[in-house]
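Structural characterization, general
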Protein chains: 2
Amino acid sequence: MNSFTFYNPTQLVFGKDSIEKLPQMISQFTDGKKILVTYGGGSIKKSGLHTRIMNLLADYEVYEFGGIEPNPRLSTVKKAVAVVKDKDIDFILAVGGGSVIDGTKLISAASKLDNDPWDIVTRQVTPTEVVPFGTILTISATGSEMNAGSVITNWETNEKLGWGSPLVFPKFSLLNPEVLYTLPANQTVNGIVDSMSHLIEQYFNEADNSAIGDAMIAGVMKEIMAAGRVALAQPDNYEARETLMLGATVALNGFMRMGYNGDWATHNLEHAVSAVHDIAHGAGLAILFPAWMKYVSQHQPARFAQFAEDVFDVDQQLSESAKVEAGIKGLEDYWQSIGAPSRLSDFDIAADDFETFADKTLFNGPFGNFYQLDKEAVIAIYKLAE
Amino acid sequence: MNSFTFYNPTQLVFGKDSIEKLPQMISQFTDGKKILVTYGGGSIKKSGLHTRIMNLLADYEVYEFGGIEPNPRLSTVKKAVAVVKDKDIDFILAVGGGSVIDGTKLISAASKLDNDPWDIVTRQVTPTEVVPFGTILTISATGSEMNAGSVITNWETNEKLGWGSPLVFPKFSLLNPEVLYTLPANQTVNGIVDSMSHLIEQYFNEADNSAIGDAMIAGVMKEIMAAGRVALAQPDNYEARETLMLGATVALNGFMRMGYNGDWATHNLEHAVSAVHDIAHGAGLAILFPAWMKYVSQHQPARFAQFAEDVFDVDQQLSESAKVEAGIKGLEDYWQSIGAPSRLSDFDIAADDFETFADKTLFNGPFGNFYQLDKEAVIAIYKLAE
C-alpha cells in the first residue's frame, strides 16, 4: 500500500425512515432558517418527494433552485450561487442524484468566494469556507453523497473536469432505497455500471499489497451485480434496491481505496466523450471500460487474470490469457445482459471525433495510474469501442 | 438491513511516515500547548518510540501518564483524570493498543465532568464535552483507534463494561505497521483473534439482507488469516503487518456493520471471564467463540453453513450439518495453527466459576442479537469451552 489519510465525516442516514430525519439533521449544522433546495428536472415533484420535503421544512424559509442538469453545467451553478448570495442562504439541501449533488458542491464552495466558480474547478483558488449542505439521494450511482469530489461541465469551453475539497463532504446524506422504485430502467442500469466502474477503477491500482481493498471491492461488486439483476426484474424489490444504494455509496466513499489511488484513466476517457456529446456517464463507461481492458491487459495481463478470478470466479487452472479474456467477457456479458450500451456507434459517435477526444484527455499529459496512456493508446482504445 | 446512521470522523493516517505527522495533526485540534501522553507498561520506552514522540512534541509542554494496564482499570483512569484537571491539559495523546486507547477515551470524557468516571460507563451521566485526543497505535487488535467505544474494568466490583459516545472518536490515529515488528508473538496472535472475532460477531447478525456487509466481512477475514500466518513466520514482513493493521481497524470501525448490529454475545461471555481472571481478551475469545458456535449452530444452522462457505470455501455440495461442522473446525484449526489457546483449562479456569460468570453475563437479562442466550445456554457454552 501507499501511505494514506482516510477522512470521511459525512453522516450517512440509511433506511425507510431516513428522509423524515431531515429537520433534526439540518439543526445540527445551522441555527439559521434560510434553506435553498436544489434539484434537477422536476421528477421529485411528480414523485411527491418535493411535497414531502416541503412539509418537513415547514419551520424554515425555503428557496428553490431546480433545473440542475445531468452533467451539471457551470452556467447553472453560477445562477444558483447568485441566489445563495442574494438570499444569504444558511444551508443547502441537494435533492437528486450525482449531478445535482456535484453541482451543489460547487454552489456551496463558490458562494463564499468572489471568484468565478470555474476558478475552483481549475484549482486557481482553494475554498477555505463553504455554505454547509446535505443531500437526499434520488438516483444511486456516483457515490457523490458520501465523498468530496465533483465533476462540472463547462459548455463554453467543452471541458468536463473533476475537482474536490475536504470542505465539500455533505454534512449528511439521507438514503431511502424506496425512492429508487420509480427510476426509469436505463437510470438503474447506468447506476449499476457507474458504481461497478468506480470499483473497477480502484481495483486496477498501482500500489503493492491491496489485499484488504481487493477483497472488499470484489465482494461488493458481486453483490451489486446480483442485486442489479433483481432490481431490473422487480423495480420495487427493497432488498435489491438497498444493496444497490449502499453498494454505490461504499464504491466511492474511500472505504475501498485505502492505500492506493486506482487507475481512473477510463473516467478521463469518458469525460472527454460526454464533454462533447451529452450522453450519460454510466453509458459512456459501459462502452469504454471493456475497450480499456482489452488494450491495457495486453501490457499488464496478471492483474486482469486476478480480476477474472476475484470477480467472475474464473477457473484457476486456465492459462493467464484465457483468464484475462474470460474476465473481460464476463463484464461485457453482464453489462449487455442488463441492457447497457456497448459501442460508441450506438450514440452515433464516430471515429472523426477521436482526435478531439484524445486531445481533451491529454490536457495534462499522459494519464492513468495503473497503466499510463499516451495519445496512440487513447486513440487505440476509442477504436476498440467504436 | 435495519435503518442505520454511519458516522466516523476519525482521521486515519496510515503508513511508514504517519507518526511524523503528529505535530501537524495536533495543531488541527488545539492552539493550546499542554499535552498529556498516556501509555501502558513502558514498552514504548524500550522500543525508542517514546523518544521519537517526545522529539516530535518539542514545542509542547508535555506531561506523561504511564501504567495503563491491559483491561484498563477504573482506578487508573481516575488518577489520570486528576492529572488532566490539575494541569489543565489541552490535548491527550494515547500511545498504545486498545487498552490504552479505551482508558484514554474515559479519561477524555471524565475530565470535563465532576462525576465519578464510572457514572459514564454505567450511563448515569452522558458526556457533552471532552478533552480532544488522538492516538498512535502500537498493538493492532481492538479497532479502538477508529471507533467510539471503550471497555473498562472496575476491580472493586469485578465488572467489565463497555460504553461509548460519538464524542470519543479519536480526532486522529497514526498507524505505522513497522511498530508491530517487535510485538511478542502472543500479542500478534491475540490481535488476529480479536479482529477476526469482531468480524464474526458482526457476520452473525439479526437483520435480513446484509449482502454488502457479508461480502466485506468474509473478504477481510480471509486476508487477515493469510497475513496472520505470514506475520508470525516473518515478524518484520511489512505487507503482512500492513494487512493485519488495516484489517483490525476496518473490522470494528463501522464499515462492516451498516444496517445490522451483529450478535456480540461472545464478547459478553468473554468479558465475564476476564473481569474475574486477568486473561487477554483475544485469548478468551479464541476459547469461547468455537463453543458459542457449537451451541448456537444447533438452533440456527443455516447462517453457520453460509459462514463455512463464505470464509472457509467449504464445498457447496455438502449437507448443511457437514458445512456447519467444517466451518467451526476451520476456525478452530486456524486458531490452533497460530498458537491461540482453545480451552478455559489452559488458564486453570474450571467449572466452579461458571455460575459466577453466567450471573455477570446476565446482569441485563438474556443477551445476543442473533441468538438470545439465557442462563442454561450460557452455562452450556462455558462447559463446551471447559
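Residues numbered from 1 in each chain as written. Chains lettered and ligands numbered in written order. Predicted model: local features only at pLDDT ≥ 70, side-chain atom pairs only at ≥ 80, totals over all residues. Heavy atoms only, no water.

Within an unreviewed UniProt entry, the label attached to chain A reads Iron-containing alcohol dehydrogenase, and the organism entered is Macrococcus bovicus.

1. Concerning the UniProt feature "domain: Fe-containing alcohol dehydrogenase-like C-terminal" (unreviewed entry) in chain A
Within the UniProt annotation, "domain: Fe-containing alcohol dehydrogenase-like C-terminal" (unreviewed entry) is assigned to residues 188-383 of chain A. Across residues 188-383 of chain A one finds 65% helix and 0% strand; the C-alpha atoms that close the span lie 27 Å apart. (UniProt positions renumbered as here; feature names shortened; annotations may be inferred. Helix = DSSP H or I, 4+ residues; strand = E, 2+ residues; numbered from the N terminus.)

2. Structural notes on the domain arrangement of chain A
Residue and element names in this part refer to chain A. When the domains of chain A are assigned, the result is domain 1 (11-179) and domain 2 (185-384). For domain 1 and domain 2, the distance between their C-alpha centres works out to 27 Å. Listed per partner, the contact involves 28 residues of domain 1 and 25 residues of domain 2. Between domain 1 and domain 2 we count 2 salt bridges in total. Between arginine 73 and aspartate 278 there is a salt bridge, with the nearest N and O atoms lying 3.7 Å from each other. Counting across the domain 1 and domain 2 interface gives 6 residue pairs in polar contact (both at pLDDT 80 or more). (Domains from an automatic or database assignment. Contact = heavy atoms within 4.5 Å. Salt bridge = Lys/Arg side-chain N within 4 Å of Asp/Glu carboxyl O. Polar contact = N/O pair within 3.5 Å; in protein donor to acceptor, adjacent residues only side chain to side chain.)

3. Concerning the interface of chain B and chain A
Each partner contributes residues to the interface: chain B has 35 residues there, and chain A has 35 residues. Carbon and sulfur atoms supply 67% of the area that chain B and chain A bury against each other, a total of about 3200 Å² over both sides. Summed over the shared surface of chain B and chain A, the result is 0 salt bridges. The interface formed by chain B and chain A contains 14 residue pairs in polar contact (both at pLDDT 80 or more). (Buried area = accessible area lost by both parts, 1.4 Å probe.)

4. Here's the deal with the UniProt feature "domain: Alcohol dehydrogenase iron-type/glycerol dehydrogenase GldA" (unreviewed entry) in chain A
The sites that UniProt annotates as "domain: Alcohol dehydrogenase iron-type/glycerol dehydrogenase GldA" (unreviewed entry) are residues 9-177 of chain A. Secondary structure content for residues 9-177 of chain A is 30% helix and 25% strand, and the end C-alpha separation is 22 Å.

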